[in-house]
Structures are given as C-alpha cells and as structure tokens.
Amino acid sequence: MSDGTKDRKGVPVRLDKVSFSYGGAPLTFDVAFAAAEITAVMGPSGSGKSTLLNLVAGFETPQSGGVLIGGADVAAAPPAMRPVSMVFQENNLFAHLSVEQNVGLGRSPSLRLTETDRADIAGALARTGLAGKEKRLPRELSGGERQRVALARVLVRDRPVLLLDEPFASLGPALRDDMLDLVAGLHAERGMTVLFVTHQPEDARRIGQNVVFLDKGAVAAKGSADDFFAGAGPDVFRRYVGTSTQTAGSRDIARKRT
C-alpha cells in the first residue's frame, strides 16, 4: 500500500475518433482524460456515458477509431489485458465467496494466493473499513459495505485507471458522500486516473476535478469542474444541472408528502 502518489501514477486515456452503434444513431467520442485526475462523466440518460466507460474497459469494441491508455491503442485487447479496474452499480460480487475471497479475485482469478497477496488483501480491507469482516458473505453486508469490497478489490488489482459506473447511485445521501470521500482518499494515495459516471451534480462537485458532458452520443463540453460549477460551464450543462436540481427537489418534496 502506498502512502503517496509519486510511485503510482495514473495514465492518460483517450478515445480517438471512436464510433460505436447499437443499431440506432451512432455514438462518436473524441476526447482525452487527464492522467491521475478525477473526471466526472455526465449527461442525460441515453447520452452514452456507460458506453464510453465500456469502450475504455473493453466490454464494447469500437467500429472505428482508437482507445488509447497510456499511449497504447488497446481497442483490440480483451478487458483482462487492459490496465483498468471497473466498479459497477451491482458491485459484481460472488454470492458464495467470502469478503476476502471476493477481494482476492482481483489478485488471482483462481484464488491461488501468496502470503504477499494475503497481506495486500488484508491491507486493502483495512483501508476500506472492512477489517474484521473478512469471512462474511455478500448477503451479510450492507449495500455500502458491498461497494467497499469492490473498492478493496480495485486496490489489490492496482491498475492505473479506475472506472466507476454509478456504483453509489442506490445509496442514501450520507452513505454516498462517505463512499465518494473514500474514492477521493484512495485517489490521493494511488494517483489513479478516475472516470466516474454520475447523474448527481453534487457528486461531481464533491470529488471531480474535471467534467466531460455528453449529449446525444457525443462530447458536448469538457472543462474543469470548478469552471462548470462556477457558472462558466456551457449552456447545455447549465440546462441539465437546472433540470437535475429541480427533479431532485421534486423527489424530496414527494418523499416528505408520503
């Protein structure tokens, strides 16, 4: 486990004129993500946010263009061969495996672990607040704890790029803030390049250094989070944030009435 970022840095990620289609309107991505920084990927539903992450991870293959990670084009490489870890909303834990076994999969898919592996797993569990819960099964954990297991697995994988596809969307506001702060803390220690999809402007404001805003299957705007949330963001983003804020407010009022 590292105490600083000087020995473990993220790498730049670029989608170079990438095109992809599910059979409908094509998605086109031409965008670069800064190394060792946290970028929030935002946009309305259906704009291509999860698809963008899947193209980086290798779960989707572009019809044209390049996917560059650390300067190397990995567009034809399978997911397991890419220097990427990904955390999904469903957390992808195996129900029959214990916490430490689920984390150990990040080091060895066969769970053939060395003493060094086991020490690293214990360290990752301690760092994510799961010490003492090594033998529990996923069903014995809360939603937030299951996502902590997924993050601990990221730590033992030790990849320079971390992709987060709304992994905390189902959590309550306070717990979601705790998880975002944990991500920010892990980033401060490891210096990974982090791309995280969110519909929540407050999440992007809390930990994002940059924002990439998608609309209609393309990058509509990109810039620093400070600029976006200081009112200097593009019109399409301001309209989206206004709509999102009003929608969230409406949900809060509805909850209070029920």
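Below is a summary of the structure that appears in this document. Source: prediction; values computed, not measured. (Residues numbered from 1 in each chain as written. Predicted model: local features only at pLDDT ≥ 70, side-chain atom pairs only at ≥ 80, totals over all residues. Heavy atoms only, no water.)

On to the overall build of the protein chain. Of the regular secondary structure elements, the protein chain holds 8 helices and 10 strands. The C-alpha extent of the protein chain, read off along each of the three principal axes, is 55 × 50 × 40 Å. Across the 258 residues that make up the protein chain, the buried fraction comes to 49%. Of the roughly 12200 Å² that the protein chain leaves accessible, carbon and sulfur atoms contribute 51%. Taking the average place of the 32 positive charges on the side chains of the protein chain and the average place of its 29 negative ones, the gap between the two points comes to 3 Å. (Helix = DSSP H or I, 4+ residues; strand = E, 2+ residues; numbered from the N terminus. Buried < 20%, exposed > 50% of the residue type's maximum accessible area, 1.4 Å probe, protein only. Areas by Shrake-Rupley, 256 points an atom, 1.4 Å probe, with all protein chains shown as cover. Lys, Arg positive; Asp, Glu negative; His and termini not counted. Charge placed at Lys NZ, Arg CZ, Asp CG, Glu CD.)

The next thing to look at is the packing of aromatic side chains. Here the structure, examined in full by the defined rule, presents 6 aromatic pairs. Arranged with centres 5.4 Å apart and planes meeting at 80°, the rings of F229 and F237 form a pair that is edge-to-face. Members of the aromatic cluster, each reached through a chain of ring pairs, are F213, F228, F229, F237 and Y240. (Phe/Tyr/Trp six-rings, centres within 6.5 Å; stacked < 30°, edge-to-face > 60°.)

To continue, consider the pairing of strand β3 (residues 38–42). With 5 of 5 residues buried, β3 lies mostly within the body of the structure. Side chains I38, A40 and M42 of β3 all project onto a buried face; the interleaved residues T39 and V41 project onto the opposite face, where all are buried too. Relative to strand β8 (residues 193–197), β3 is paired through 4 bridges, and the arrangement is parallel. Of the residues in β8, the one forming a bridge with I38 is V194. Summarising the sheet, β3 and strand β9 (residues 210–215) pair through 4 bridges and their orientation is parallel. Counted as the bridge partner of T39 is N210 from β9. (Pairing = 2+ DSSP bridges.)

This paragraph deals with the packing of helix α4 (residues 143–157) against helix α5 (residues 173–190). At a minimum axis separation of 11 Å, α4 and α5 run at an interaxial angle of 10°. Taken together, the axes of α4 and α5 are roughly parallel relative to one another. Contacts from G144, Q147, R148, L151 and L155 in α4 reach L175, D178, M179, L182, V183, L186 and R190 in α5. Class assignment of the residues belonging to the contact of α4 with α5 gives a composition of 7 nonpolar, 2 polar and 3 charged. (Axes fitted to C-alpha atoms, helices over the stretch in contact; angles between N-to-C directions. Parallel < 35°, antiparallel > 145°, perpendicular 65-115°, else oblique. Contact = heavy atoms within 4.5 Å. Nonpolar A, V, L, I, M, F, W, Y, C, P; charged D, E, K, R; others polar.)

A one-sided burial pattern is seen for strand β2 (residues 27–33), the buried positions being L27, F29, V31 and F33 and the unburied ones T28, D30 and A32. Sheet topology places strand β1 (residues 13–20) next to β2; 6 bridges connect them, and they run antiparallel. By the bridge assignment for β2, V18 is matched with F29. Where β1 folds back onto β2 in an antiparallel hairpin, the turn is made up of 6 residues, including G23, whose phi is positive at roughly 115°.

If charged atoms from side chains of opposite charge come close, those side chains can pair. A full pass over the atoms with the stated rule returns 14 salt bridges. When the shortest N-O distance is used, the salt bridge between K133 and E145 registers 2.2 Å. Highlighted residues: K133 in the loop between α3 (115–127) and α4 and E145 in helix α4, separated in sequence by 12 residues. Each member of the pair, K133 as well as E145, is classed as buried. Two residues, D177 and R206, come together in a salt bridge whose shortest N-O distance is 3.7 Å. Of this pair, D177 sits in helix α5 while R206 sits in helix α6 (residues 201–207), and the two are 29 residues apart along the sequence. Residue classification places R206 among the partly exposed positions, given a relative accessible area of 41%. (Salt bridge = Lys/Arg side-chain N within 4 Å of Asp/Glu carboxyl O.)

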